[in-house]
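Overview (structure and organization)
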Amino acid sequence: MNKRSHSIAFWAAVAVFLVAVLTMTQIVRNEYPFFAGYVILQFIALAVAWSILGGYAGYVNFGTNAFFGVGVYTAVALFKATGAPLVVQIAAAAVVGMTLGFGVGLLTLRMRGIFFSIATIALAIIIETFVMNWRFVGGAAGIQIQRPPVMAPFDSYVKMLFFVQAMLAVIAVATARYIQNSRIGRGLQALRDDELAAECTGVPTLKLKLIACMISGALISAAGAPAAMYLQYADPSSAFNLSYSVSALAMALIGGTAHWIGPVLGAILLGSTQQLLAVTISSEVNVLVLGIMLVLFVVGAPKGIIGLLRPRYRLRAGGKQ
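Keep in mind it's a predicted model, so treat the numbers as computed, not measured. (Residues numbered from 1 in each chain as written. Predicted model: local features only at pLDDT ≥ 70, side-chain atom pairs only at ≥ 80, totals over all residues. Heavy atoms only, no water.)

**Overview of the overall build of the protein**
From N to C terminus, the protein includes 15 helices and two strands. Over its C-alpha atoms the protein spans a radius of gyration of 19 Å, differing by no more than 12% from the 20 Å that the globule rule assigns to 321 residues. Dimensions of the protein, computed from C-alpha atoms along their principal axes, come out at roughly 55 × 45 × 40 Å. Going through the 321 residues of the protein one by one, you find that 51% of them count as buried. In the protein, the share of contacts with a sequence separation of at least 24, taken over all contacts with a separation of at least 6, comes to 80%. When the accessible surface of the protein is totalled, it reaches about 14,900 Å², and 70% of it is carbon and sulfur. Across the protein, the 21 positively charged side chains and the 9 negatively charged ones have centroids separated by 13 Å. (Helix = DSSP H or I, 4+ residues; strand = E, 2+ residues; numbered from the N terminus. Rg over C-alpha atoms; globule rule 2.2 N^0.38 Å. Buried < 20%, exposed > 50% of the residue type's maximum accessible area, 1.4 Å probe, protein only. Contact = heavy atoms within 4.5 Å. Areas by Shrake-Rupley, 256 points an atom, 1.4 Å probe, with all protein chains shown as cover. Lys, Arg positive; Asp, Glu negative; His and termini not counted. Charge placed at Lys NZ, Arg CZ, Asp CG, Glu CD.)

**A short note on helix H4 (residues 86–108)**
For H4, spanning 23 residues, the distance from its first C-alpha to its last is 32 Å, which sits close to the expected 33 Å at 1.5 Å a residue. Taken residue by residue, H4 has Leu-86, Gln-89, Ile-90, Ala-93, Gly-97, Gly-101, Val-104, Gly-105 and Thr-108 as its buried positions. On its buried face, H4 sits against helix H3 (64–82), helix H5 (114–132), helix H6 (157–180), helix H9 (205–224) and helix H10 (227–231). (Expected span 1.5 Å × (residues − 1).)

**Observations concerning a nonpolar patch on the surface**
On the surface, a nonpolar cluster with roughly 420 Å² of combined accessible area is contributed by Met-111, Ile-114, Phe-115 and Ile-118. Mapping Phe-115 onto the fold places it in helix H5. Judged by its relative accessible area of 58%, Phe-115 falls in the exposed class. (Patch = residues over 30% accessible without salt bridge, like charges linked within 9 Å, V, L, I, M, F, W, Y side chains within 5 Å. Salt bridge = Lys/Arg side-chain N within 4 Å of Asp/Glu carboxyl O.)

**Quick notes on the UniProt feature "transmembrane region" (unreviewed entry) in the protein**
Residues annotated by UniProt as "transmembrane region" (unreviewed entry) correspond here to residues 7–28, 34–53, 60–80, 86–107, 114–137, 157–179, 210–233 and 287–309. Helix makes up 100% of residues 34–53 and strand 0%. Its end C-alpha atoms lie 29 Å apart. Secondary structure across residues 60–80 comprises 81% helix and 0% strand; the distance between its end C-alpha atoms is 34 Å. (UniProt positions renumbered as here; feature names shortened; annotations may be inferred.)

**So, the packing of H4 against H5**
Packed helices, taken two at a time, are described by their axes: the angle between them and the distance between them. Close contact between H4 and H5 brings their axes to 11 Å; oriented N to C, the two are set at 135°. Here H4 lies oblique to H5, going by the angle between them. The two elements H4 and H5 cross, and the hand of that crossing is right-handed. Residues Leu-100, Val-104 and Thr-108 of H4 touch H5, and the partners they reach there are Phe-116, Ala-119, Leu-123 and Ile-127. Broken down by class, the residue content of the contact of H4 with H5 amounts to six nonpolar, one polar and no charged. (Axes fitted to C-alpha atoms, helices over the stretch in contact; angles between N-to-C directions. Parallel < 35°, antiparallel > 145°, perpendicular 65-115°, else oblique. Left-handed = near helix turned anticlockwise from the far one by under 90°. Nonpolar A, V, L, I, M, F, W, Y, C, P; charged D, E, K, R; others polar.)

**Thoughts on the environment of Trp-260**
Note on placement: Trp-260 falls in the loop between helix H12 (242–255) and helix H13 (261–280). The exposure class of Trp-260 is buried, given its relative accessible area of 10%. Separated by 203 residues in the primary sequence, Trp-260 and Ala-57 place their C-alpha atoms 13 Å from one another.

**Describing unusual backbone geometry**
Between Ala-152 and the following residue, Pro-153, the backbone shows a cis peptide bond with an omega angle of 5°. Within the element layout of this structure, Pro-153 appears in the loop between strand E1 (143–144) and H6. For Gln-232, which is not a glycine, the phi torsion comes out positive at approximately 60°. Summarising the element assignment, Gln-232 is placed in the loop between H10 and strand E2 (233–234).

**Let's talk about the side chain of Thr-108**
With respect to the element layout, Thr-108 can be found in helix H4. According to the relative accessible area criterion, Thr-108 is buried, its value standing at 8%. A polar contact is formed between the side chain of Thr-108 and the backbone oxygen of Val-104, at a distance of 2.7 Å. Other than its neighbours up to four places away in sequence, Thr-108 contacts Phe-116 and Ala-119. (Polar contact = N/O pair within 3.5 Å; in protein donor to acceptor, adjacent residues only side chain to side chain.)

**So, the nonpolar core**
The biggest cluster of nonpolar side chains holds 99 residues, and the ones touching the most others in it are Ile-44, Val-72, Tyr-73 and Val-76. When sequence neighbours within four positions are dropped, the list of residues in contact with Tyr-73 reads Val-131, Val-137, Ala-234, Asp-235, Pro-236, Ala-239 and Phe-240. (Core = buried A, V, L, I, M, F, W, Y, C linked by side-chain atoms within 4.5 Å.)

**Here's the deal with the packing of aromatic side chains**
The description of an aromatic ring pair uses the distance of the two centres, along with the angle that the planes make with each other. On inspection of all chains with the given rule, the structure shows 11 aromatic pairs. Aromatic pair Tyr-73 and Phe-240: ring centres 6.2 Å apart, planes at 10°, arrangement stacked. Linking Tyr-73 in helix H3 with Phe-240 in the loop between helix H11 (236–239) and H12, this pair joins segments that are 167 residues apart in sequence. Exposure remark for Phe-240: the relative accessible area of 4% places this residue in the buried category. In this arrangement the basic side chain of Lys-80 is found over the ring face of Phe-136, its NZ or CZ atom lying 4.7 Å from the centre. Above the face of the Phe-10 ring, Arg-177 is positioned so that its terminal group lies 4.5 Å from the ring centre. (Phe/Tyr/Trp six-rings, centres within 6.5 Å; stacked < 30°, edge-to-face > 60°. Lys NZ or Arg CZ within 6 Å of the ring centre and 35° of its normal.)

**Section: helix H7 (residues 183–193)**
Buried within H7 we find Gly-185, Gly-187, Leu-188 and Leu-191. For H7, the angular spread of buried residues about the axis comes to 160°, placing them on one side. Counted as exposed and oriented over 90 degrees from the buried face of H7: Arg-183 and Asp-193. In the core, the buried residues of H7 are packed alongside helix H2 (32–54), H6, helix H8 (195–200) and H9. The N-capping residue of H7, defined by a side-chain oxygen 3.3 Å from the backbone nitrogen of Ile-184, is Ser-182. (Arc of directions from axis to C-beta.)

Structure follows, in structure tokens:
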């Protein structure tokens, strides 16, 4: 009964959130909140997706930018070749990201610790080099994207992208929540605590890691798919920027990786701070602020924001919240 009430509360909150987002797109005329809000929602999706492998399983992944860039260029290639609508671009990016996650997982998930992290960095470099030499999508010079007409009930493409990214963030959060409360989540937690002991007790560690890598890759690539339409431009150095990996990791760690709500809180805190600094001071200080906040939380609150909230709200790593 307790589990059911938590589920009802969660989906009610999701419904209220999406209705509020949709209402905002119909009422607010200034487009800047949607430009800034899109970035924050994008980081929520990235941080939550990263935590499925990096948090639940404990495999620190620096290849977020690889999956993000693959999502961007899957959408670009599909749109240029067929003029596919945005929903098809996102679905195709998710499938490609999942396939890439499976392949990368088979090659790298037998590695542990720093060796796995280095392998994921190498992945991003390899894919970026390939895209830089792919002339169909503009190569190293990049490519301009002409947005198609906006669909009802939205009156601008940015507002539509804001709502789409809100949907992707909800899907990422709902997926992470389901995994945390399932046998997959308990298995991932077991291998994170002691992988050898988990294997000895019959936990299919490689299978679980592959599932986590595939789901994480699909969600990250799907979150990256609308980015080219958002900027109306795509180039390899931006799409595969290492800052995506650093930001996703920092947001998840600052929020806390033991519970699905942690990366959401971290992404909202850091994303909002970065957008505020970009307007008031300069976007160049974003990385500095991110680094300072990460150091402060690692030293002062190693379990993140949820580590500070857990004594009061009883958030548990395997809980039903």
